[in-house]
Structure formats: structure tokens, C-alpha cells
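Analysis of the macromolecular model
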Amino acid sequence: QAQLEESGGGLVQPGGSLRLSCAASGSFFGVDHMAWHRQAPGKARELVARISSGGTIQYADSVKGRFTISRDNARNIVYLQMNSLKPEDTGVYYCNAGLAILSSAFFRDFWGQGTQVTVSS
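So, here is what we can say about the structure in this document. (Residues numbered from 1 in each chain as written. Predicted model: local features only at pLDDT ≥ 70, side-chain atom pairs only at ≥ 80, totals over all residues. Heavy atoms only, no water.)

Considerations on the overall build of the protein chain
The test is simple: By definition, any uninterrupted DSSP run of H or I lasting at least four residues is a helix, any uninterrupted run of E lasting at least two residues is a strand, and each is numbered from the N terminus. Atoms counted for the radius of gyration: C-alpha only. Globule rule: 2.2 Å times the number of residues to the power 0.38. In this scheme, a residue with accessible area under 20% of its type's maximum is buried, one over 50% is exposed, and one in between is partly exposed, where area comes from a 1.4 Å probe on protein chains only. We call two residues in contact whenever any of their non-hydrogen atoms come within 4.5 Å of each other. Where accessible areas are quoted, they stem from the Shrake-Rupley method and a 1.4 Å probe; at the residue level, only the protein chains shown are allowed to cover. For the purpose of charge, His is not counted, nor are the chain termini; Lys and Arg are scored as positive and Asp and Glu as negative. A charge is said to be at NZ when it belongs to Lys, at CZ for Arg, at CG for Asp and at CD for Glu.
A tally of helices and strands in the protein chain yields zero helices and 11 strands. When the helices and strands of the protein chain are listed from N to C terminus, the series reads β-β-β-β-β-β-β-β-β-β-β. Since a compact globule built from 121 residues should have a radius of gyration of about 14 Å, the 14 Å found for the protein chain is in line with a globular shape. By its C-alpha atoms, the protein chain is 45 × 25 × 25 Å across when sized along the principal axes. Burial statistics for the protein chain: of 121 residues in total, 42% are counted as buried. A separation threshold of at least 6 residues defines the contact pool for the protein chain, and within that pool the share at least 24 residues apart is 56%. Surface accessibility of the protein chain: about 6200 Å² in total, with carbon and sulfur atoms responsible for 47%. On the protein chain, the mean spot of the 11 positive side-chain charges and the mean spot of the 9 negative ones are 2 Å from each other.

The structure is reproduced here in C-alpha cells:
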């Protein structure tokens, strides 16, 4: 019943900005980490940014200084603000989160369906 729903992807020119959102919904007891991964055509999926339940943040080196991850714990939403976008940022962006669905102490990973981000002139 628990699921992640992404929004905000689209087409943008190099140097532009996009804001991705991912909302956890359904039946669950709590949210642990929340993260964004991406996969470019012909490439392996990679971690873009991750934020823990305590607010600890990790970024891929390629996006440091350009992307910002944040979360709204009251609404169970994670955001990815992407600025100064480059063509190499193109790919399908997937939301990932640890949701406690069996009890308040048991977490499992959930994945969104992915949203396309295309950076092109």
C-alpha cells in the first residue's frame, strides 16, 4: 500500500533549473532515509543525493554545489533542487526511501516510478 510518487521532471536548457518532488503515501509508520538516484541511457544507476532521518546529507561529486536535497518530515516529501543543469545530468531520476511498513522499527526500501529529466539545447 505504501508508495512513492515523483513529479517535477521535464525538459530544460543547460544552465536552467528544475525541482523534483517525491511524496510517500499510503500505509506506513515512519520514514528513514530519502534519496534520489538517476540513470542515464547506457549507464548504471547512481546515487545523486541522500538525506538521513537525522538530516545528514550526501551528494555525488558531480552535483555538489549545484543540487540541494531537502525533506519535509511533516508531509513526508523529499525535494531535489537542481540548478546550473548540464547535459550530463540527463536521465531518469528515481526517488528512494526507507519506509517502516510492518512496525515502527522495520524499514524496507521503496522506489518511485522515475521521472525523466532532459537537459538539452
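On we go from here.
Let's talk about the state of the cysteines
Here, disulfide denotes a covalent bond that connects the sulfur atoms of two cysteines. For clarity, the cut-off: Put simply, a disulfide is two cysteine sulfurs that come within 2.5 Å.
This structure, assessed with the given rule, holds one disulfide. Here Cys22 is linked by a disulfide to Cys95, with a sulfur-sulfur distance of 2.0 Å. One disulfide, between Cys22 and Cys95, carries an S-S torsion of -85° and so falls in the left-handed class. With a gap of 73 residues between them, Cys22 in strand E3 (residues 18-25) and Cys95 in strand E9 (residues 91-103) connect regions that are remote in the sequence. Considered together, Cys22 and Cys95 belong to a single accessibility category, that of buried residues.

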